[in-house]
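Secondary and tertiary structure notes
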Amino acid sequence: MKLSAFADVCLRTLMLLGSQRGHQVTTREIAEQIGVPYNHVAKAVLELRNRQALDVARGRYGGSQITETGLQLSVGGLMRDLDDRDDVVDCVSEAGVPCPLIAHCRLRSALRRAREAFYAELDSLLVADLTTMSAKTLLPFPLVP
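Residues numbered from 1 in each chain as written. Predicted model: local features only at pLDDT ≥ 70, side-chain atom pairs only at ≥ 80, totals over all residues. Heavy atoms only, no water.

**Some points on the pattern of salt bridges**
Side-chain pairing between opposite charges can occur once the charged atoms of the two side chains come close. This structure, assessed with the given rule, holds 6 salt bridges. Across the pair Glu 47 and Arg 51 runs a salt bridge whose closest N-O atoms are separated by 2.6 Å. Residue class for Arg 51 comes out partly exposed when judged on its relative accessible area of 24%. One salt bridge connects Glu 116 with Arg 80, and the closest N-O pair in it is separated by 2.9 Å. With Glu 116 in helix 6 (residues 107-123) and Arg 80 in helix 5 (residues 75-82), the pair connects residues that are 36 residues apart, well separated along the chain. The exposure class of Glu 116 is partly exposed, given its relative accessible area of 37%. For Arg 80, a relative accessible area of 27% translates into the label partly exposed. Several salt bridges share partner residues, and in doing so they unite Glu 47, Arg 51 and Asp 81 into one network. (Salt bridge = Lys/Arg side-chain N within 4 Å of Asp/Glu carboxyl O. Buried < 20%, exposed > 50% of the residue type's maximum accessible area, 1.4 Å probe, protein only. Helix = DSSP H or I, 4+ residues; strand = E, 2+ residues; numbered from the N terminus.)

This is how it looks when you write it as structure tokens:
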């Protein structure tokens, strides 16, 4: 199972801010510390603010801080919400032609169940559980070809 790049950035942002509780961190600082382009982090911060996971202050002394709501988010629930894909595999060609096996395919439903099992495994894990690690030990952002 692979997380979307957006879900990955959201999770890394929460982990970083969770490890720096009580400090406001600018979007630019977050981007530098997790090694992700600024515009990706800005989008993630907006999404997380809309979910009340972050308090965001604008201006010269602004920045983001994780909220108690953000710390209590279920990792599985968040990843499930941020995954906007209908299917794990694309059953339509680039030309828009559906797979000829789609009418009798059992793979799609098996992969959906596997994806749900993946998220279910993460449901009991809270963002707060992930924030004890040092921000310096975060993995690098994967390059998308």
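**Here we look at the confidence of the model for the chain**
Residues with a pLDDT of 70 or more make up 90% of the chain, whose mean pLDDT is 87. Mean pLDDT per element in the chain: helix 6 is the minimum at 90, and helix 3 (residues 38-50) is the maximum at 96. (pLDDT = per-residue confidence, 0-100.)

**Side note on the layout of surface pockets**
As a volume, the second largest pocket reaches approximately 340 Å³. Surrounding the second largest pocket, 15 residues form its lining, Thr 27, Val 45, Val 56, Ala 57 and Arg 58 being those nearest its centre. When residues of the lining of the second largest pocket are traced back to their parent elements, those giving at least two are helix 3, strand 1 (54-57) and strand 2 (63-66). For the lining of the second largest pocket, the element with the most residues is helix 3, which contributes 5 residues. Here the lining of the second largest pocket is composed, by residue class, of 7 nonpolar, 6 polar and 2 charged. (1 Å grid on protein atoms, 1.4 Å probe; cavity = no way out; pocket = protein on both sides within 12 Å on 5 of 7 lines; lining within 4 Å. Points joined across faces, edges and corners; volume = space filled by probe spheres on them. Nonpolar A, V, L, I, M, F, W, Y, C, P; charged D, E, K, R; others polar.)

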